[in-house]
Amino acid sequence: MESGLGVNLTICRKPFWALTFCFLHLGNLAAETPTLTDSIEQILRTSRLDQGKSSIQIVRLADRKTLYERDPDRLLNPASNVKIFTAAAALRYLGPDFTFKTEFLARGPVRGGIVNGLWIKGYGDPIFVTEELAPIVSHLKAQGVSQIQGHINLDDSWFDQNHTMTYVSDRQGKRYSIVTGALSFNFNKLLADGVRGRRRKRIPPQGSYDPALFAGAAILEAFQKGGIVVRGGVKREAAPEEA
């Protein structure tokens, strides 16, 4: 989408597949089951795993034969194993060349350093962070932008407005215990230190229940610090078709 700024300011990035695979040397899966069993049992007896819980089932796809199992019906939190299925689904439906983007749009060109309204449209970029704000400000200033007349408008319509918690547990204050949104910033988390007397204590991460407004507040502050005057605040508004 071409921006009315006369430039197409779009942040794009490849997805970050945070996958960790543990490849176990199990030998030839076609080998006899006792050999496979002995190999797995030896791994599970190591000092790092012998106190843990496990639920394992290995099935040969060709004939659906169970080659090994250990408490296969025990219910455990799958944890980061879910990322394998998430990545597989993303590769299947989005493709390996998919990029996330965040667009900065305006209705018209820069005139006398002024842009009449700015829209920021998010498309689910999961790692739009503080370190990217300064280059964005520099890019806009290089295009002659010194003032935004009106609000910074936030468009998070790419996702629905059901800001679902991505992780449910009794362990509050975790960085992954956040709500999701098409326009998010710094993982939608705020870190702070509290001081009482001479003691400094890290406050558990606090999440925003409105990712777009949280992102907008940070962007507004970055613009102001970077020398771009904003004659308004931040608000949620879908980008017009002509932007």
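The sections below set out a description of the structure shown in this document. (Residues numbered from 1 in each chain as written. Predicted model: local features only at pLDDT ≥ 70, side-chain atom pairs only at ≥ 80, totals over all residues. Heavy atoms only, no water.)

A few points about the overall build of the protein chain
For the protein chain, the count of helices and strands is four helices and 10 strands. Reading the secondary structure of the protein chain in the N-to-C direction produces β-α-β-β-α-β-β-α-β-β-β-α-β-β. Each of the 243 residues in the protein chain was classed as buried or not, and the buried ones make up 32%. Relative to all contacts within the protein chain whose residues are 6 or more apart in sequence, the contacts with residues 24 or more apart total 66%. For the protein chain, the accessible surface area stands at approximately 15900 Å², while carbon and sulfur atoms represent 54% of it. (Helix = DSSP H or I, 4+ residues; strand = E, 2+ residues; numbered from the N terminus. Buried < 20%, exposed > 50% of the residue type's maximum accessible area, 1.4 Å probe, protein only. Contact = heavy atoms within 4.5 Å. Areas by Shrake-Rupley, 256 points an atom, 1.4 Å probe, with all protein chains shown as cover.)

Comments concerning the side chain of Asn-153
Topologically, Asn-153 is positioned in strand E6 (residues 147-155). The class of Asn-153 is buried, set by a relative accessible area of 3%. Within polar-contact distance, the side chain of Asn-153 engages the backbone oxygen of His-151 at 3.5 Å. Other than its neighbours up to four places away in sequence, Asn-153 contacts Leu-118, Trp-119, Ile-120, Lys-235 and Glu-237. (Polar contact = N/O pair within 3.5 Å; in protein donor to acceptor, adjacent residues only side chain to side chain.)

A short note on the packing of helix H3 (residues 133-142) against helix H4 (residues 211-225)
How two helices pack is summed up by the angle between their axes together with the distance between the axes. Between H3 and H4, whose axes approach to 10 Å, the crossing angle comes to 55°. As the angle between them shows, H3 and H4 are arranged oblique. The crossing of H3 and H4 is right-handed. On H4, the residues touching Leu-133, Ile-136, Val-137 and Leu-140 of H3 are Ala-218, Ile-219, Ala-222 and Phe-223. Along the lines of polarity and charge, the residues of the contact of H3 with H4 split into eight nonpolar, no polar and no charged. (Axes fitted to C-alpha atoms, helices over the stretch in contact; angles between N-to-C directions. Parallel < 35°, antiparallel > 145°, perpendicular 65-115°, else oblique. Left-handed = near helix turned anticlockwise from the far one by under 90°. Nonpolar A, V, L, I, M, F, W, Y, C, P; charged D, E, K, R; others polar.)

Comments concerning the pattern of salt bridges
The final tally for this structure, using the stated rule, is eight salt bridges. Where Arg-70 meets Glu-41, a salt bridge forms, and the shortest distance between an N and an O atom there is 2.8 Å. Of this pair, Arg-70 sits in strand E3 (residues 65-70) while Glu-41 sits in helix H1 (residues 33-44), and the two are 29 residues apart along the sequence. For the salt bridge of Lys-225 with Glu-221, the shortest nitrogen-to-oxygen distance reads 3.0 Å. Of this pair, Lys-225 and Glu-221 both sit in helix H4, four residues apart, which is roughly one turn of that helix. Its relative accessible area of 68% is what places Lys-225 among the exposed residues. Look at Glu-221 and you get partly exposed, because its relative accessible area is 40%. Beyond isolated ion pairs, a larger network of salt bridges with shared partners links Asp-156, Asp-210 and Arg-236. (Salt bridge = Lys/Arg side-chain N within 4 Å of Asp/Glu carboxyl O.)

A look at the pairing of strand E4 (residues 100-105)
Of all six residues in E4, five are buried; the element is thus mostly enclosed. Here E4 pairs with strand E5 (residues 114-122) via four bridges, running antiparallel. Its bridge partner being in E5, Phe-104 is matched across the sheet by Ile-120. (Pairing = 2+ DSSP bridges.)

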